[in-house]
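# Structural overview for review
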Protein chains: 2
Amino acid sequence: METPVGVVDLGRARENVERAVTYCQAHGIAWRPHVKTHKSLEMARLQLELGATGLAVATAHEAEVMSAATGDLLLAHPPASAAKVDRLCGLPRTVDLKVGLDSIEVLRPLARGAAAAGRTFGILVEFDAGLGRTGVVEPAEAVRVAAEAASLPGVRFDGLMFYPGHIRMPRSRQAGRLARLSERIGAFVAALRQAGLPPRVVSGGSTPTMWESHLLAGVTEVRAGTCIYNDRDIVGMGAAAPEHLAYTVLATVISVAVPDGAVVDAGSKALSRETLGSGAPGYGVLFDRPEVIVRAINEEHGILDLSGTDWRPTVGEQLRLVPNHVCVSVNLHDHLWGIEGGDSAARPVWLEGRGRLRVPAGAGPPCAPTRSASKW
Amino acid sequence: METPVGVVDLGRARENVERAVTYCQAHGIAWRPHVKTHKSLEMARLQLELGATGLAVATAHEAEVMSAATGDLLLAHPPASAAKVDRLCGLPRTVDLKVGLDSIEVLRPLARGAAAAGRTFGILVEFDAGLGRTGVVEPAEAVRVAAEAASLPGVRFDGLMFYPGHIRMPRSRQAGRLARLSERIGAFVAALRQAGLPPRVVSGGSTPTMWESHLLAGVTEVRAGTCIYNDRDIVGMGAAAPEHLAYTVLATVISVAVPDGAVVDAGSKALSRETLGSGAPGYGVLFDRPEVIVRAINEEHGILDLSGTDWRPTVGEQLRLVPNHVCVSVNLHDHLWGIEGGDSAARPVWLEGRGRLRVPAGAGPPCAPTRSASKW
């Protein structure tokens, strides 16, 4: 295998999907995994076959690609331009698209476009769960947007959406924030009920809070996506065990010239320069030797810190690295290699959801992209 | 224009190239820009037309793509696997490839492959300029690798290479490190001369040290690549002025629901999560309002800090963002838009050098990739 390249342990990915489905089914919660992590039709279909109820996407391109896998899509990102609305209106008629948004300014043009196209989009009003990113802050504002959605042609008010991205500490320390979030969800649900707009859906996140979702009263579905592969950050929080790591970056040692150091060919264009919320140093760790961190990174270089080990790699040796944040690492590769029972069985895992270009309407069934040929 | 997308001010890019050529020619230094920044055949050809003497690349894919623009290529990254050597040996015969490396372990298989393919690669022995990444540390080790290169069929000893990546402070504070580097270059050159292996080439970096290259005695060429576009980091160091910023990410405001904040659709999958060496916060700034920083980032969200301004954007408004590090931002896009005299004249700037897949040998002249069609 040429390096650097992302590698998926297909058996572990399947087990991770099964674990998510089992948890969600035990608690009566729907699992709508976000495809941003894997960007792959194959992985999306695996999730749906094993029990995911639909998919969440962030871009029009992801929606177009994933419409080949399911008709139950949630765009969890406000489409705030005419170009995006136009693409959404061009999705196959088999798609029942839900859209998360937090303003009348996004809602009205979306409804107008949908009505003109003779279709109806479901609307989830997003509220800010505490991250301070997107989402209305006051229940009264959620009622205002929901009432507008309920009154406009082209859209249908479905419920609420939130993203608890501020809850990224170890699971053992989440309790206080989860309790406050539970209260906050309750306040938004109550306000909508009082206004005669009871939410049918309350859509939450996230892999760090995945296994506590049942503690959040009223949540009907979760969008946790990272849990199909996991990464150093998720393991560090205790939201996955090391044996749940299903994605690594295969790299080759290119230099050991500097004493007590070793350099691999996976840098910020293979691992990404994501840092850990915990403040722990480095940009990844060795899969087989987690005491060895990637202490520094350039575009095509990762510098290993060998100060804590007697082990010394040799030039040409291949190593597997666990990135801090899997979703952005996956997005850097042309395709991944899927392995099951060893490298000899490696086969490509395609990343049809990468990029942003419009997928032609009426295109045939998705197949392997032929990118190398398409370059010339 | 759909967002997020990278945008090149073509006039500024041309001026930046002209400035680099003018400086280098005035000081008798060759400019061999690294294509990692732009990944574009069009930009490579612009550099060569205006006076660049050749190109530097980091990957076999970049070498394959850029062989359509010039026969004078330097792979500034040790090819430490049989797969990479095989690809280099398959480059068009018109390419006189130079390779930077720091070990006998990389040199010998490369020479063997080249000899078997009936070709000769130039060798630049890399020494560590102070970054502690790649490169031999002692002059005696450089002599050992150089002597081996001079003795093996398939390779030709050409000289030295270094990367001064540890010199990233403001230009006003570089003097001490530049003086020590100059001494270090002198020591390596002297050792090679004494061994009867005088280097014909001494290849240096980098955009942060670009305009001080003439102070480094013995340097014959520089590989500065970022200077075609520049970024927040480079401007912060004083190695470019704000009016030399030729690359921005166009983004759309998707939410202003959270008080005193605004969120755009450019996140870590459009800007990247690169931080500044200076320790200044944020992941980018607004092009037109540099007092507004991107204070936080998620994959498809950039959160603007409006605390230092009375300006308030509206949902749907398009903004241009200056990333911290342009090279990794460019690498995240399907293609860029080139503008000259306003958006109405926007046209695609292709990124043929992105990715790692093998470019088929004997492929025709490069043309616009048809990626959207190739997905299905």
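Right, let's walk through the structure included here.

The rules behind these values
- Residues numbered from 1 in each chain as written.
- Chains lettered and ligands numbered in written order.
- Predicted model: local features only at pLDDT ≥ 70, side-chain atom pairs only at ≥ 80, totals over all residues.
- Heavy atoms only, no water.
- Buried < 20%, exposed > 50% of the residue type's maximum accessible area, 1.4 Å probe, protein only.
- Helix = DSSP H or I, 4+ residues; strand = E, 2+ residues; numbered from the N terminus.
- Pairing = 2+ DSSP bridges.
- Contact = heavy atoms within 4.5 Å.
- Axes fitted to C-alpha atoms, helices over the stretch in contact; angles between N-to-C directions.
- Disulfide = S-S within 2.5 Å.
- Least-squares fit on C-alpha atoms with pLDDT ≥ 70 in both.
- Left-handed = near helix turned anticlockwise from the far one by under 90°.
- Phe/Tyr/Trp six-rings, centres within 6.5 Å; stacked < 30°, edge-to-face > 60°.
- Core = buried A, V, L, I, M, F, W, Y, C linked by side-chain atoms within 4.5 Å.
- Salt bridge = Lys/Arg side-chain N within 4 Å of Asp/Glu carboxyl O.
- Polar contact = N/O pair within 3.5 Å; in protein donor to acceptor, adjacent residues only side chain to side chain.

## Here we look at the pairing of strand 10 (residues 247-255) of chain B
Residues and elements named next belong to chain B.
- Counting buried positions along strand 10 yields nine of nine residues, so the element is predominantly enclosed.
- Where strand 10 meets strand 15 (residues 318-323), four bridges bridge the pair, whose relative direction is antiparallel. For Thr252, the partnering residue across the bridge sits in strand 15 and is Gln318.
- Where strand 10 lies against strand 11 (residues 261-264), two bridges are found, and the strand directions are antiparallel. Within the sheet, the bridge partner assigned to Val253 lies in strand 11 and is Val264.

## Describing unusual backbone geometry
Residues and elements named next belong to chain A.
- Of note, the bond from Gly205 into Ser206 is cis; its omega dihedral lies within 30 degrees of zero at -25 degrees.
- Mapped onto the elements of the fold, Ser206 is located in the loop between strand 8 (201-204) and strand 9 (221-222).
- Although it is not a glycine, Ser272 adopts a positive phi angle of roughly 80 degrees.
- In this fold, Ser272 is placed in the loop between strand 11 (261-264) and strand 12 (284-286).
- By relative accessible area, Ser272 is classed as buried at 7%.

## Digging into the sheet that holds strand 2 (residues 30-31) of chain B
All names here are of chain B.
- Spatially, eight strands are ordered 2-9-8-7-6-5-4-3 in an open sheet, and the strand pairing comes out parallel. Each edge of the sheet is formed by a strand with only one pairing partner; in this case those strands are strand 2 and strand 3 (55-57).
- Bridge count between strand 2 and strand 9 (residues 221-222): two bridges; the pairing is parallel. Bridge pairing in strand 9 links Trp31 to Val222.
- The strands touched by helix 6 (residues 139-151) within the sheet are strand 5 (96-101), strand 6 (121-126) and strand 7 (155-161), with strand 7 carrying the most contacts at an inclination of about 155 degrees.

## Concerning the state of the cysteines
Residue and element names in this part refer to chain A.
- Following the criterion strictly, the structure yields zero disulfides over all chains and no others.
- With no disulfide of its own, Cys24 lies closest to Cys227 among cysteine sulfurs, the gap being 7.9 Å.
- Looking at Cys24, the relative accessible area reads 1%, which means it is buried.

## A look at the relation of the copies chain A and chain B
- Overlaying chain A with chain B gives an RMSD of 0.0 Å, the required rotation being 180 degrees about an axis along which the chain moves by 0.0 Å. Viewed as a symmetry operation, the transformation between the two copies matches a two-fold axis.
- Looking at chain A, 100% of its interface residues are interface residues in chain B too, so the copies touch through the same face.

## What about the packing of helix 4 (residues 82-89) of chain B against helix 5 (residues 104-116) of chain B?
Residues and elements named next belong to chain B.
- Put simply, helix 4 and helix 5 touch, their axes get as near as 9 Å, and they point 35 degrees apart. Note on packing geometry: the crossing formed by helix 4 with helix 5 is right-handed. Packed against helix 4, whose contacting residues are Val85, Leu88 and Cys89, the element helix 5 presents Pro109, Leu110, Gly113 and Ala114 at the interface.

## Description of the packing of aromatic side chains
All names here are of chain B.
- Per the counting criterion, the structure on display carries eight aromatic pairs over all chains.
- With a centroid separation of 5.4 Å and an interplanar angle of 80 degrees, the aromatic rings of Tyr23 and Trp211 are classed as edge-to-face. Note that Tyr23 is positioned in helix 1 (residues 10-26) and Trp211 in the loop between strand 8 (201-204) and strand 9, a separation of 188 residues in sequence.
- The class of Tyr23 is buried, set by a relative accessible area of 10%.
- Residue classification places Trp211 among the buried positions, given a relative accessible area of 15%.

## Observations concerning the nonpolar core
- With 110 residues, the main nonpolar core has Trp31, Met210 and Tyr229 of chain A as its most contacted residues.
- Aside from chain neighbours lying at most four places away, what touches Met210 of chain A is Ala20, Tyr23, Cys24, Trp31, Val222, Ala224 and Cys227 of chain A.
- If you look at the next biggest cluster of nonpolar residues, it comprises 109 residues, including Cys24, Val155, Leu216 and Ile234 of chain B.

## Looking at the pattern of salt bridges
Residues and elements named next belong to chain B.
- Using the criterion set out here, one finds 46 salt bridges over all chains in the structure.
- Between Lys98 and Asp72 there is a salt bridge, and its shortest N-O distance comes to 2.6 Å. Taken together, the residues Lys98 in strand 5 and Asp72 in strand 4 (residues 72-75) connect sequence positions 26 residues apart.
- Relative accessible area serves as the criterion here: at 9%, Lys98 is assigned to the buried category.
- Across the pair Arg358 and Asp86 runs a salt bridge whose closest N-O atoms are separated by 3.1 Å. Separated by 272 residues along the polypeptide, Arg358 in the loop between strand 17 (347-349) and helix 10 (371-374) and Asp86 in helix 4 bring together distant segments of the chain.

## A word on the environment of His77 of chain A
- Tracing the backbone through its elements, the reader meets His77 of chain A in the loop between strand 4 (72-75) and helix 4 (82-89).
- Taking relative accessible area as the criterion, His77 of chain A reaches 5% and is therefore assigned buried.
- Taking the C-alpha atoms as reference, His77 of chain A lies 9.5 Å from Asp102 of chain A; in sequence the two are 25 residues apart.
- Contact partners of His77 of chain A, with chain neighbours within four places excluded, come to Ala58 and Gly100 of chain A together with Ile254, Asp265, Glu300 and His301 of chain B.
- Here the side chain of His77 of chain A touches Glu300 of chain B through a polar contact of 2.7 Å, landing on its backbone oxygen.

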